Amino acid sequence: MADFGDILITIGDFGLFQWILLLALGLPNFVVPLLFGSLVFIQFDPDRHCNTDWILKAGPNLTTEEQLNLTLPREKDGSFSKCQMFVPVDWDIDTIREYGLNETTGCQSGWKYDRTLFEATIVTDFDLVCDKANLVEVAQTMLMAGFLVGSLLFGPFAESIGRKRATQIPVVIMFIFTITTGIYPNYYLYTASQFMVGAGMGGYKVNSIVLATEWIGPSKRSLGACVSLLCGAVGGCTGIGLVYLIRDWRLAQLIIVAPMTMVFIYIWFIPESARWLMDRGRRQEAERLIFKAAAINKRTVPDSLLEETEVKKNVEKGGVSVLIRSPVLRKFFFILALAWFSLTLTYYCLSFNAGRFGLDIFLTQALFCGIEIPANLLCIWVLDVLGRKVSLISTLVIGGLCCMLTLAVEGNSTAVTCLVTAARFFVLAGISMCNVYVQELFPTSVRQTATGLGAVSAKIGGLLAPVLNMLVMYHWAIPAAVYGSLLLVSGALVLLPPETQHAELPDSIHEAEGNR
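What counts and what doesn't
- Residues numbered from 1 in each chain as written.
- Predicted model: local features only at pLDDT ≥ 70, side-chain atom pairs only at ≥ 80, totals over all residues.
- Heavy atoms only, no water.
- Salt bridge = Lys/Arg side-chain N within 4 Å of Asp/Glu carboxyl O.
- Buried < 20%, exposed > 50% of the residue type's maximum accessible area, 1.4 Å probe, protein only.
- Disulfide = S-S within 2.5 Å.
- Helix = DSSP H or I, 4+ residues; strand = E, 2+ residues; numbered from the N terminus.
- Core = buried A, V, L, I, M, F, W, Y, C linked by side-chain atoms within 4.5 Å.
- Contact = heavy atoms within 4.5 Å.

**Student:** Provide a residue-level description of the pattern of salt bridges, including the pertinent values.
**Tutor:** Within the structure shown, the criterion is met by nine salt bridges. Note that Glu285 is salt-bridged to Arg282, the shortest N-O span being 2.8 Å. You can call Glu285 partly exposed: its relative accessible area is 30%. A salt bridge links Arg388 to Asp384; its shortest N-O distance comes to 3.9 Å. Among the ionic contacts, a cluster of salt bridges with common partners joins Asp384, Arg388 and Glu440.

Structural data, given as structure tokens:
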């Protein structure tokens, strides 16, 4: 009795058809980092001070330095206050100079921002400073909350409606709300739009990798899963150049819509997963796709092969209940979910802190994004050489140690940046490995559910990242100590699941449970 793995070998398990599918599914993953990476810049907090042009009525010929000296109090370090000003008075300029001003208040007429680095950010457009400074973290949290909801909704949802539809719907959401994010006039509409963009991102990333993986044979599966993430790495590097050249966040946001428009057009023509169709008993639809894939790969499909393929008369039920009932699958899931959570929490904690390590923000972000390409390329090679288990353990442990070592060199911006960059390198590789490992541990009937819920645990990590970073106000070492420890604990637990290198994807719960 033949299975879908035999069909893939016959029609080509990694031919032209698979390459076209991978590139088509990879372009949206190229766009996603443009949207996320721009946050580091569009939420940048520039130098600023209160708008005190009221004094120019009394002294229109004042220099900028004189104006600031007369109207702004100074901090303990001698710099001008960013959030306080002296209360305006109706005196003439000579009286103000003679007696000075002492009574302070908050900024009454807005702020003046240093626009040397950026023409506009959401901080300058929406005045997210002083008592509203935490709203920047709220915007980050809303994006990550959208990631979580999208993964939770479109992951398990794909078990019933299929991988294709669950990939197309998030693209529509991303397309619409990428446009609205760049044109909304106030912070609250911007934040709501960010939530919807996050939901589209989360839903797409979960489903696109599964759809690609189910069309690829065991020998190239790690390549297939990592190519999508590699497209994301290239997108992140491109995003730095985009924001560097275009210093206005609204214009940069709308330029990102261009590649999304192309995706919106062709995404309706991607194929469904034939493996999923066979699992659902929809043989005729699966056969049409199999013949199409074989024709593109210039292969033929013997009629005898399809006749020998087992067709499921009773569709095996999947969903969350299977993961809960099966002690083996439940153990595998919680171990991978914790690893995914730890890696993503670390990734976003480091990403959101890119401007706080002491070096130039563009240089730091360039290092961060530049390492994503070699990290994903190394991941493809390491997974094939060392296997899934050893590779994931190594990235978790080394990444955790790098995070812990940053506590020993605090204050040395160069050393901290080097260690953080190394940690991010291994964390990125670990996230790619989780995406591969979760596909191979779970059967077709619950693969999408396990991937979706695993991605949910990852997005919870991203959601908690801004909150964990806020704990630095109590002690600077708390965030690094927390996510570094989680990585080390996760690395120890990954010793328990089995190795899945070169194994065919399990099509039934029995096959998955037998792979202890």
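**Student:** Describe the state of the cysteines, listing the residues and the values that go with them.
**Tutor:** One pass over the full model with this rule turns up two disulfides. A sulfur-sulfur separation of 1.8 Å characterises the disulfide bridge that pairs Cys50 with Cys107. Residues Cys50 and Cys107 are joined through a disulfide that is left-handed, its torsion about the S-S bond being -60°. Of this pair, Cys50 sits in strand β1 (residues 48-50) while Cys107 sits in the loop between β3 (104-106) and β4 (111-113); the two residues are 57 residues apart in sequence, bridging distant segments of the chain. Neither Cys50 nor Cys107 differs from the other in exposure class; each is buried. Sulfur-sulfur distance for the disulfide between Cys83 and Cys130 comes to 2.0 Å. Judged by the torsion about the S-S bond (-100°), the Cys83/Cys130 disulfide is left-handed. You can see Cys83 sitting in the loop between α3 (64-71) and β2 (84-86) and its partner Cys130 sitting in the loop between α5 (122-126) and α6 (135-161), a full 47 residues away along the chain. By relative accessible area, Cys83 is classed as partly exposed at 24%. Cysteines bonded in the protein chain are numbered consecutively along the chain; their disulfide partners then correspond to 1-3, 2-4. Cys403 takes part in no disulfide bond, and the closest cysteine sulfur to it belongs to Cys402, at a distance of 7.0 Å.

**Student:** Give a detailed account of the nonpolar core, specifying residues and quantitative values.
**Tutor:** Judged by nonpolar contacts, the single largest core of 103 residues is most densely connected at Ile11, Trp215, Leu392 and Phe442. Looking at this core element by element, the count peaks at 16 residues for helix α16 (residues 327-352). With sequence-adjacent residues up to four places away left out, Phe442 is seen in contact with Leu323, Leu329, Phe332, Phe333, Leu336, Arg447, Ala450 and Pro506. One finds Met85, Ile122, Val136 and Tyr187 within the second-largest nonpolar core, a separate group that totals 27 residues.

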